[in-house]
Structure formats: C-alpha cells, structure tokens
Amino acid sequence: MIGPLNHVGVAVPDIDKAIAFYRDVLGATDITEPKDLPPQGVTYAFVNLPSGQVELIQPYGEKSPIIKFLERNPKGGQHHICFEVDDIREASIKMAERGMRVLNEPRIGAHGTLVVFLHPGDAGGVLIELMESHKEDH
Ligand code: CO
C-alpha cells in the first residue's frame with residue numbers, strides 16, 4: 001500500500017547550523033529556506049536530493065512535539081520516515097484495522113498535503129509518517 005519513500009525527518013536543535021552542515025560539509029546544493037509550521041510545532045527546511053528529501057525540523061513553540069526527542073537526543077537525530085500514500089483517510093483506516101495506533105487525524109503537513117503519524121511502538125521502533133501524494137488535479 002505504501003508508495004515512494006518521500007523523506008527522512010531529522011530533528012535538530014538549530015536549523016541554521018543543520019543547513020550549514022548539509023550545505024558546507026556534505027555539499028548539498030538545494031536546500032529550502034526555513035519555514036515555520038505552527039500547527040505542527042516545527043520549523044522545517046528540506047534538503048532536496050535526486051532520490052528524495054531530508055526534512056530538517058527544529059522545535060517551534062513551547063508545545064512542540066519534538067522538544068522531548070531533543071531532550072533525549074541533544075545533538076538531534078533521525079526522527080521519522082515518511083512514505084507516500086494515495087489516500088490518507090483510507091490508509092489511516094487500514095492501518096487502524098491492522099492494529100496500528102494512528103496518532104492523529106489527518107492534518108496538513110510540510111508538503112501541503114494531509115499526513116498522519118503511526119506509533120513507533122507498533123512499527124519496529126520507527127515513527128512513521130504517511131503523507132498523501134500530491135495529485136495532478138489539485
Ligand atoms: Co516529515
């Protein structure tokens with residue numbers, strides 16, 4: 001049911017430093033400007049690569065869901081992986097039927113399409129984001 005691997009989410013304490021690392025040390029040439037996404041409590045930037053993206057996320061606001069993660073991983077770390085699906089509502093229902101804890105109602109993610117997260121305790125310790133693919137007709 002899952003489609004392409006869209007991105008790997010990396011939580012960082014300082015997004016400007018993280019961007020400088022990906023640009024100056026790893027040599028990435030296509031990195032987006034940081035943008036705030038208040039409903040999700042993150043500031044994000046994408047490192048665009050031919051095969052997909054790295055999504056850098058820094059906490060935004062005091063209720064950011066990644067604050068605890070950064071308390072446990074002060075230098076930052078790999079936070080989630082994101083797969084595309086055709087239909088997020090159908091995917092959510094299927095995942096719940098298969099015993100997965102779906103952590104939220106579909107909401108708009110950093111790519112402007114609907115996303116849900118699946119509990120890492122049901123997924124081999126990996127926080128999984130499902131993201132509805134961009135549709136041609138939108
Ligand atoms: Co993501």
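Quick caveat, the model's predicted, so the values are computed rather than measured.

Peer 1: Would you mind going over the overall build of the chain with me for this structure?
Peer 2: When helices and strands are counted, the chain shows three helices and eight strands. The order of helices and strands in the chain, counted from the N terminus, is β-α-β-β-β-α-β-α-β-β-β. Considered along the principal axes of its C-alpha atoms, the chain spans approximately 45 × 35 × 25 Å. When each of the 138 residues of the chain is scored for burial, the buried share is 45%. Considering only intrachain contacts with a sequence separation of at least 6, the fraction spanning at least 24 residues in the chain is 50%. Of the roughly 8,100 Å² of accessible surface on the chain, 53% is carried by carbon and sulfur atoms. Side-chain charges of the chain comprise 13 positive and 20 negative groups, with the mean position of each set lying 7 Å from the other.

Peer 1: Looking at this structure, how should I read the coordination of the cobalt ion?
Peer 2: Under perfect tetrahedral coordination by four donors, a metal shows angles of 109.5 degrees; under perfect octahedral coordination by six donors, it shows angles of 90 or 180 degrees. Summarising the metal site, the cobalt ion is bound by the protein donors His7 (NE2), Glu55 (OE), His80 (NE2) and Glu129 (OE), whose distances to it range over 2.0 to 2.2 Å. Here the cobalt ion is ringed by four donor atoms whose angles at the metal span 83 to 169 degrees, and the overall shape comes out irregular. Every donor residue of the cobalt ion comes from the same chain, spaced as H-x47-E-x24-H-x48-E. Of this pair, His7 sits in strand β1 (residues 5-11) while Glu55 sits in strand β4 (residues 52-59), and the two are 48 residues apart along the sequence. The same class applies to His7 as to Glu55, namely buried.

Peer 1: When you look at the pattern of salt bridges in this model, what are you seeing that I'm missing?
Peer 2: Oppositely charged side chains can form a pair if their charged atoms are brought close together. One pass over the full model with this rule turns up four salt bridges. Measuring nitrogen to oxygen at the nearest pair gives 2.9 Å for the salt bridge that ties Asp24 to Arg23. A salt bridge links Lys94 to Glu90, with the shortest nitrogen-to-oxygen separation between them at 3.5 Å. Placement of the pair is Lys94 and Glu90 together in helix α3 (residues 88-97), with a separation of four residues, close to one helical turn.

Peer 1: Sorry, what's going on with a nonpolar patch on the surface here?
Peer 2: Nonpolar side chains collect at one region of the surface, where Phe21, Val25 and Leu26 lie side by side and expose about 300 Å² of accessible area between them. Position of Val25 among the secondary structure elements: in helix α1 (residues 15-25).

Peer 1: For this particular structure, what's the right way to read α1?
Peer 2: Three- or four-residue spacings in an α-helix give side chains the same orientation, since the helix completes a turn every 3.6 residues. Of the residues making up α1, those classed as buried are Ile15, Ala18, Ile19 and Tyr22. Burial along α1 is one-sided: seen end-on, the buried residues are contained in an arc of 100 degrees. Turned more than 90 degrees from where α1 packs its buried face, Asp16, Lys17, Asp24 and Val25 sit exposed. Contacts made by the buried residues of α1 are with β1, β3 (42-49) and β4. The N-capping residue of α1, defined by a side-chain oxygen 3.0 Å from the backbone nitrogen of Asp16, is Asp14. One or two steps after α1, the chain reaches Gly27, where phi turns positive at roughly 85 degrees.

So, how was this worked out
Residues numbered from 1 in each chain as written. Predicted model: local features only at pLDDT ≥ 70, side-chain atom pairs only at ≥ 80, totals over all residues. Heavy atoms only, no water. Helix = DSSP H or I, 4+ residues; strand = E, 2+ residues; numbered from the N terminus. Buried < 20%, exposed > 50% of the residue type's maximum accessible area, 1.4 Å probe, protein only. Contact = heavy atoms within 4.5 Å. Areas by Shrake-Rupley, 256 points an atom, 1.4 Å probe, with all protein chains shown as cover. Lys, Arg positive; Asp, Glu negative; His and termini not counted. Charge placed at Lys NZ, Arg CZ, Asp CG, Glu CD. Donors = N, O, S within 2.8 Å, 3.2 Å for Na, K, Ca; no water. Tetrahedral: all angles 85-135°; square planar, octahedral: opposite > 155°, others 65-115°. Salt bridge = Lys/Arg side-chain N within 4 Å of Asp/Glu carboxyl O. Patch = residues over 30% accessible without salt bridge, like charges linked within 9 Å, V, L, I, M, F, W, Y side chains within 5 Å. Arc of directions from axis to C-beta. Polar contact = N/O pair within 3.5 Å; in protein donor to acceptor, adjacent residues only side chain to side chain.

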